[in-house]
Amino acid sequence: MLRFFISRLALLIPTFIGVSIVAFSFIRLLPGDPIMLLAGERGMSEERYQQLQALYGFDQPLFVQYFNYMTDLLQGDFGTSIVTKRPVLQEFLTLFPATIELSLCAIIVAIAVGVPLGVIAAVRRGSWLDQTVMGAALVGYSMPIFWWGLLLIIFFSGILGWTPVSGRISLLYFFPPVTGFMLIDSLLSGQAGAFKSALSHLILPTIVLATIPLAVIARQTRSAMLEVLGEDYVRTARSKGLPPRRVIGLHALRNALIPVVTTIGLQVGVLLAGAILTETIFSWPGIGKWMVDSVFKRDYAVVQGGLLLIAAIIMIVNLIVDVLYGLINPRIRH
Amino acid sequence: MTSTNTKDPNAAVGLEGGTVIAVTRRARLAEFWYYFSQNRGAVIGLYVFLAIVAIALLAPLIAPHSPSLQNRGFFLLPPVWQEGGNWSFLLGTDAVGRDVLSRLIYGARFSLFIGVVVVSVAVSVGILVGLIAGYFRGAVDTVIMRVMDIILAFPSLLLALVLVAILGPGLVNAMIAIALVQQPHYVRLTRAAVMSEKGRDYVTAARVAGAGNIRLMFKTILPNCTAPLIVQAALSFSTAILDAAALGFLGMGAQPPTPEWGTMLAEAREFILRAWWVVTFPGLAILITVLAINLMGDGLRDALDPKLKRS
């Protein structure tokens, strides 16, 4: 098992180097000069230009720049935001909990709703229930989530007035972040109503972000269940008189979940892409909105560092999924 | 348009062995249509998609107004069935008095165009690269697959967003960026299919008969790898439309006043609580189009996947 883990980890290193080269090249291969872009319409004096070039190290040969960049990286220095002048890693770590909180809630909702729906659809194959669930799943899968978010805002915030439009918590409440997770922090703060406020801010973004993973998980669970339900061991379990609930829950679902786990792992990339849109719509202060804002502000240090950090996270999660997959399905380990 | 699309894979399959017999081709087409039409959703999807294609082609004829004409005095007019609606603007008008329905009709052109271009570029580049990787293996394969891993390590929308930021916002650059982030899927699929076909007897036979590498790759092996690629193409057609709309929504795709659906949504955002129709209809158009294509994709998969066919 350890060897399996290490061999997978070793495979990540060339990919990570490649990712760093891509992130590094992006801001260097630009048509136009990041420093002139920084100056905008005003332009700047020749002296100041040289000064800034030296400051950011743009006057050195590319491979020297890359080498310096990688050296800094390995020491945990992801560069400094051109706009806020704060270290990129620090900004990332401040904002990342907001994205994790949202993504975790979304994936929990997606699994908690998607898996049972998929099982029901498979067990009642061909029934109106199956058709309704699969129809809904296909709609969810086809959903432009940025529009879905706006619709939910129109209905629940605009017409019913139940939920706030944006942000993580009402401005009435203020407390220092402890864990970075608003749900936990609001409870720890002990302020009355803070938790409720945090929860009501979280509901709509969670629904929006959960929509596509939920649809994918429901579809995948259904087809995995259908495959497993036709297996001999399920027929054996049935014929020896086990109650259907036990056959489905124990014999079938456990085996059907193996491909579903992979699907769930693959949703991490989907979630982070979805977070870009969801966070933008709900002004959720996470890394998705941070990246979009930085792209618009042309804060290339942040874009470069952020790309690298996000890619690293996806790669690590994929590795964990691979290992988990190896644990629950020993056949693929070798 | 779609009927020729669906004919192609079967024509290609008919080519295996090098003889084209019209009868088998027609038989295969009939078989394909039999399985495709078993799936009611797929047939509905096909009809909806054909309707959207017709709307896009006939846009100048059926749109009641010009998509960019700003009707003064008719700002944010509600749809006709709501109080204050006007029969000449069926789905209402936007903030500068443009007819929403006409803009949606013209928007269909952009979405289909985006889908066609992105899929064509991603498919042709992906197949070529995947063929090379799967056929030659060795160092070439390793390098290609590592590069694909790197592209796949980023969330696709984020990578597309950054690429467009670098290339400059606009529809063409958005299409290039989306095609680039989509083609690794084709590379992987083609490579896997090529690797499993390469060892088959008919390939060896063709090689013994003196076929060169190029002929083996394109004429002998490729036609037998098309089924998964067609399914993937249908799915990525819808992803392309969604991603382009998302980029438009973020302000990095088609630029205003282009009546692209995502861009329309971005322009409408500030009116969401005042004028629901400027937000609702463009999104609905995206959803219907994407849903129709995904329904077709499911039908294609059922009809082309021999493993599922038997069950």
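Rules used throughout
Residues numbered from 1 in each chain as written. Chains lettered and ligands numbered in written order. Predicted model: local features only at pLDDT ≥ 70, side-chain atom pairs only at ≥ 80, totals over all residues. Heavy atoms only, no water. Helix = DSSP H or I, 4+ residues; strand = E, 2+ residues; numbered from the N terminus. Buried < 20%, exposed > 50% of the residue type's maximum accessible area, 1.4 Å probe, protein only. Contact = heavy atoms within 4.5 Å. Areas by Shrake-Rupley, 256 points an atom, 1.4 Å probe, with all protein chains shown as cover. Lys, Arg positive; Asp, Glu negative; His and termini not counted. Charge placed at Lys NZ, Arg CZ, Asp CG, Glu CD. Domains from an automatic or database assignment. Buried area = accessible area lost by both parts, 1.4 Å probe. Salt bridge = Lys/Arg side-chain N within 4 Å of Asp/Glu carboxyl O. Polar contact = N/O pair within 3.5 Å; in protein donor to acceptor, adjacent residues only side chain to side chain. Nonpolar A, V, L, I, M, F, W, Y, C, P; charged D, E, K, R; others polar. 1 Å grid on protein atoms, 1.4 Å probe; cavity = no way out; pocket = protein on both sides within 12 Å on 5 of 7 lines; lining within 4 Å. Points joined across faces, edges and corners; volume = space filled by probe spheres on them. Phe/Tyr/Trp six-rings, centres within 6.5 Å; stacked < 30°, edge-to-face > 60°.

So, the overall build of chain B
Of the regular secondary structure elements, chain B holds 14 helices and zero strands. Element order for chain B, N to C, with α for helix and β for strand: α-α-α-α-α-α-α-α-α-α-α-α-α-α. Once the C-alpha set of chain B is aligned to its principal axes, its extents read approximately 75 × 45 × 35 Å. When burial is assessed residue by residue, chain B has 54% of its 311 residues classed as buried. Contacts spanning at least 24 positions in sequence make up 69% of the contacts within chain B whose residues lie at least 6 apart. Element-wise, carbon and sulfur atoms account for 65% of the exposed surface of chain B, whose accessible area totals about 13,800 Å². When the 24 basic and 17 acidic side-chain charges of chain B are each reduced to a single mean position, those positions are 7 Å apart.

Some remarks on the domain arrangement of chain A
Residue and element names in this part refer to chain A. According to the domain assignment, chain A consists of domain 1 (1–83 + 300–334) and domain 2 (91–296). Each of domain 1 and domain 2 has a C-alpha centre, and the two are 29 Å apart. Across the interface of domain 1 and domain 2, roughly 1,400 Å² is buried in total on both sides, 86% from carbon and sulfur atoms. Here domain 1 is connected to domain 2 by zero salt bridges. Put simply, domain 1 and domain 2 have zero residue pairs in polar contact (both at pLDDT 80 or more) between them. Here the residues of the side of domain 1 that touches domain 2 sort into 11 nonpolar, four polar and no charged.

Quick word on empty space enclosed by the protein
Enumeration according to the criterion identifies one cavity of 30 Å³ or more in this entry. Roughly 30 Å³ of volume is contained in the largest cavity. Lining the largest cavity, in full, are V295, Y300 and V303 of chain A together with V162, A165 and I166 of chain B. Secondary-structure elements contributing two or more residues to the lining of the largest cavity are α13 (300–328) of chain A together with α7 (156–167) of chain B. If one sorts the elements of the lining of the largest cavity by residue count, α7 of chain B sits on top with three residues. Partitioned by chemical class, the residues of the lining of the largest cavity number six nonpolar, no polar and no charged.

Section: the interface of chain B and chain A
With 40 residues of chain B at the interface, the matching set in chain A holds 43 residues. In total, about 3,800 Å² of surface goes out of reach between chain B and chain A, with carbon and sulfur atoms giving 81% of it. Of all residues in chain B, F154, L158 and I166 of chain B bury the most surface against chain A, accounting for 15% of the area lost on that side. R219 of chain A serves as the salt-bridge partner of D298 of chain B, at 3.1 Å between the closest nitrogen and oxygen. At the boundary of chain B and chain A, one finds five residue pairs in polar contact (both at pLDDT 80 or more). Those elements that place two or more of their residues in the side of chain B that touches chain A are α6 (138–152), α7, α11 (226–249) and α13 (276–304) of chain B. If you tally residues by element for the side of chain B that touches chain A, the top one is α13 of chain B, at 13 residues. Class assignment for the residues of the side of chain B that touches chain A results in 29 nonpolar, four polar and seven charged.

Some details on the packing of aromatic side chains
Inspection of the entire model under this criterion finds 16 aromatic pairs over all chains. Measuring from ring centre to ring centre gives 5.1 Å for F24 of chain A and Y66 of chain A, while their planes differ by 75°; the resulting arrangement is edge-to-face. Of this pair, F24 of chain A sits in helix α1 (residues 2–28) while Y66 of chain A is found in helix α4 (residues 62–74), placing the two residues 42 residues apart along the sequence. Considered together, F24 of chain A and Y66 of chain A belong to a single accessibility category, that of buried residues. Ring geometry for W276 of chain B against W277 of chain B: centres 6.0 Å apart, planes inclined by 90°, an arrangement best described as edge-to-face. On the basis of relative accessibility, which here comes to 5%, the residue W277 of chain B falls in the buried class.

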